[in-house]
Amino acid sequence: MTLCLVKTPGAFCWSRDSSPSRPSEAGPSDRMEAEPGTSALAHGLEVDGLDDRQTWNNRVEYVMAQVGCCVGLGAIWRFPSLCHKNGGGAFLIPYVLLLFTLGFPLVFLEMALGQNLRVNVWTKIHPKMWGVGLACSMVCFLMIVYYNMFIAWGIFYLSNSFQYPLPWSQCPAVNSSLPPPADPGCVCTKPAAYFWYCRTLEITASIEESQGFVPSLVLCILVVWLAVTLLSVQGLKCQGKILSFSVIVPFLVLLCFLIRSFLLEGSIYGLRHLMFTRLSALASVKVWHEAGTQVFFNLGLGFGTLVVLASYTTRNSNSAQDAFILVFASLTACLLATQVVFSMLGFRASTSIRQCVIQNTVKLEQLVKMGKLPPEANPPPEIQNTPSKSYTSWLYHLDKPLRDKIMQHVTDCNVDKELIYEEEGPALVFVALAEAINEFSSTPIWSAVFFLMIICLGLTTSLALMQAIRVPLLDTFPCLRSSSWTITMSISFLGFLISLLFTQRSGLYLLTLFDDFVVSVILFVVVLFENVSVAWFYGAKRFFKEMQDIIGFRVSLMHDYLVRFFTLLGIVILTLCSMIELVLKEQTYNSWDKQSGTMLQLHYPMWAVILAFGLAFVTLVPILVGLFKCLKKSTVSPLPKNLYPELPVISPIHESDPQAGPSKF
């Protein structure tokens, strides 16, 4: 069977056994008649310059690019945080269920569209959908301007990793006297937290106190944008090799950290905390909502990156297998990173408990000697060997009156309480995990490797986001292709200027605002329109039948009812939940208090809320304009009842019968 993009003589054709070719001659007998009721426009789609479109060196590079785009920093800090606060292992149940029933069909849909329609995908499906592609590019731009800040922080920590001891392992001295007194701001908190908030961010007390830029972060964000720009203008062949390296390295590093963390004292406490399943959490709508949101973020749905990267692959590529590989790789990375994080948190808790027990033992011995406590309050010597278990067991086997009297002077040093960490978001990586690395042997090496992994994970995603911004722009306006370097530089320069907002001393608060309010709801709305356009405008039955003809078999997990009803219903529910949450929840953020070394909850000022909702609305404007202003007719004819004609974009032509009409399914 030969497949042609357009049903006209000289159309761009290909077959399963040969590379794409354009027939040199075609007579009247080779012309295919249009189906009744199909507009002439539907049979006059242009190739849009696909003949000279670049392709990946091989399928491995293409898959690596997709995996690198989706397996980003969210797998390191966002997914473990959600597991921790949403019932541990119970969160994995809705996540895996939604990953394969909601995520896999949508990934397959975006990959297949990019692979076969190549450019101007949503306009080809329906002219009213032209705004979807523009909305995807705007989402990617908003995402990359603050996502690059994570990479900048990684570069800053990497530059501070080549010294011993690590600067976040102890409080800095305020002068050169001997012994040097510790900084008062560090005494009331942990050194890792102090280094993150006071040395890295130089953070202010609220979002309204800017107090200028942090010079070190300005330099780091400049390096990030230069790297993204230089990599983006490289040819596809070069990018494929770079992506292959930058994707494999983080997985190898995660595997090394997993083995190392399993050998740490107390790692079992963290893993036990992870696997503890609170089944009651499954009844919470919030758990399902956050699981669905994480599926969208982990798979890159709604950003347009899947479509853009797939547009560079060959047309005979098996998009079903590619989608499954991507989903499986994303799940593997999340589970791998979560085990590493919880093992290191268990080790961190065990170390804290050991120090707590030693301090309490010394204090209790002094109180017994002073006669303030009876001799029974003196801990047994064997507690020093296994403090995590022995101290708590000894304490709770005492009589209640004696235990209450002891607790007036010391704490219970409970492992479970230590595992309930307050750090979320970036602080999980740059505080909790950085603190755990302090206890490793050869700490500078492990620290450098860890933050190099963070940089690689971030750069692969950032590079894909840049491609999703510039490629649709160049495809929509072919006249700009000769100035692709200028376009890329312009995007990077504008992105750098906006990213400077996050290098202010109040930058973390602005970044949290972007992450919480701007991107999440937009993604759901964009994917909702993608799903509707394919399932109802394009035709779900057509879509799956055409893909069956291309890949040679029907995907058993996929059915047109899944895309037409189930995924549509799931996206609508997630969109409504996100909107309701944004409207009803308190518009607050966590602020660092230098005096107490703790986080305080403050309300966002009105201008910040208006800015967030304004950016979200502006991103959706192209979709609204396309819906209400575009009066063009559909390029895809309506599906006749009980009749399944071939897609006008990709239609089979049997070589043995060139005059044969479209097959009926």
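Owing to the predicted nature of the structure, the values given are computational and were not obtained by experimental measurement.

In terms of helices and strands, the protein carries 22 helices and 6 strands. The buried share among the 665 residues of the protein stands at 57%. The long-range share in the protein, meaning contacts at least 24 apart out of those at least 6 apart in sequence, stands at 80%. As presented, the protein carries roughly 28200 Å² of accessible surface, and 64% of it is formed by carbon and sulfur atoms.

Looking now at helix α15 (residues 400–407). Looking at α15, one finds that the buried residues are L402, R403 and I406. Burial along α15 is one-sided: seen end-on, the buried residues are contained in an arc of 100 degrees. Seen from the buried face of α15, the exposed residues on the opposite side, beyond 90 degrees, are K400 and P401.

Our next topic: the pairing of strand β4 (residues 588–593). The pairing of β4 with strand β5 (residues 598–603) spans 6 bridges and is classified as antiparallel. The residue of β5 that forms the bridge with S591 is L600. Between β4 and β5, which follow one another and run antiparallel, lie 4 residues, and G597 among them has a positive phi close to 70 degrees.

Attention shifts here to the environment of C188. Position of C188 among the secondary structure elements: in the loop between α6 (184–187) and α7 (191–200). For C188, a relative accessible area of 36% puts it in the partly exposed group. C-alpha separation for the pair C188 and G597, spaced 409 residues apart in sequence, amounts to 5.6 Å. Non-local contacts of C188, meaning those with residues more than four positions away in its chain, are made with K594, Q595, S596 and G597.

Once that is clear, we can look at a nonpolar patch on the surface. Together, V572, L576, I580, V583 and L584 give the surface a local cluster of nonpolar side chains, amounting to about 490 Å² of exposed area. Mapped onto the fold, V583 is located in helix α21 (residues 560–584). Of the residues examined, V583 reaches a relative accessible area of 62% and is grouped as exposed.

Glancing now at the environment of Q339. With respect to the helices and strands, Q339 occurs in helix α13 (residues 319–369). The class of Q339 is partly exposed, set by a relative accessible area of 29%. Expressed as a C-alpha distance, the spacing of Q339 and F262, which sit 77 residues apart in the sequence, is 9.0 Å. Filtering out sequence-adjacent residues up to four positions away, Q339 remains in contact with L258, F262, L271 and L274.

Turning to the environment of C577, a few remarks are in order. With respect to the element layout, C577 can be found in helix α21. Between the C-alpha atoms of C577 and V521, which are 56 residues apart in sequence, the distance is 9.3 Å.

A few words on the packing of aromatic side chains. The final tally for this structure, using the stated rule, is 32 aromatic pairs. Measuring from centroid to centroid gives 6.3 Å for W196 and Y197, while their planes differ by 65 degrees, and the two rings are edge-to-face. Residue classification places W196 among the buried positions, given a relative accessible area of 0%. According to the relative accessible area criterion, Y197 is buried, its value standing at 8%. Aromatic side chains F324 and F328 sit 6.3 Å apart centroid to centroid with 15 degrees between the ring planes, which places their arrangement in the stacked category. You can see F324 and its partner F328 sitting in helix α13, 4 residues apart, about one turn around the helix. Judged by its relative accessible area of 40%, F324 is partly exposed. Above the ring of F297, the side-chain terminus of R78 is found at 4.4 Å from the ring centroid. It is R564 that lies over the ring of W536; its NZ or CZ is 5.0 Å from the centre.

Rules behind the numbers
- Residues numbered from 1 in each chain as written.
- Predicted model: local features only at pLDDT ≥ 70, side-chain atom pairs only at ≥ 80, totals over all residues.
- Heavy atoms only, no water.
- Helix = DSSP H or I, 4+ residues; strand = E, 2+ residues; numbered from the N terminus.
- Buried < 20%, exposed > 50% of the residue type's maximum accessible area, 1.4 Å probe, protein only.
- Contact = heavy atoms within 4.5 Å.
- Areas by Shrake-Rupley, 256 points an atom, 1.4 Å probe, with all protein chains shown as cover.
- Arc of directions from axis to C-beta.
- Pairing = 2+ DSSP bridges.
- Patch = residues over 30% accessible without salt bridge, like charges linked within 9 Å, V, L, I, M, F, W, Y side chains within 5 Å.
- Salt bridge = Lys/Arg side-chain N within 4 Å of Asp/Glu carboxyl O.
- Phe/Tyr/Trp six-rings, centres within 6.5 Å; stacked < 30°, edge-to-face > 60°.
- Lys NZ or Arg CZ within 6 Å of the ring centre and 35° of its normal.

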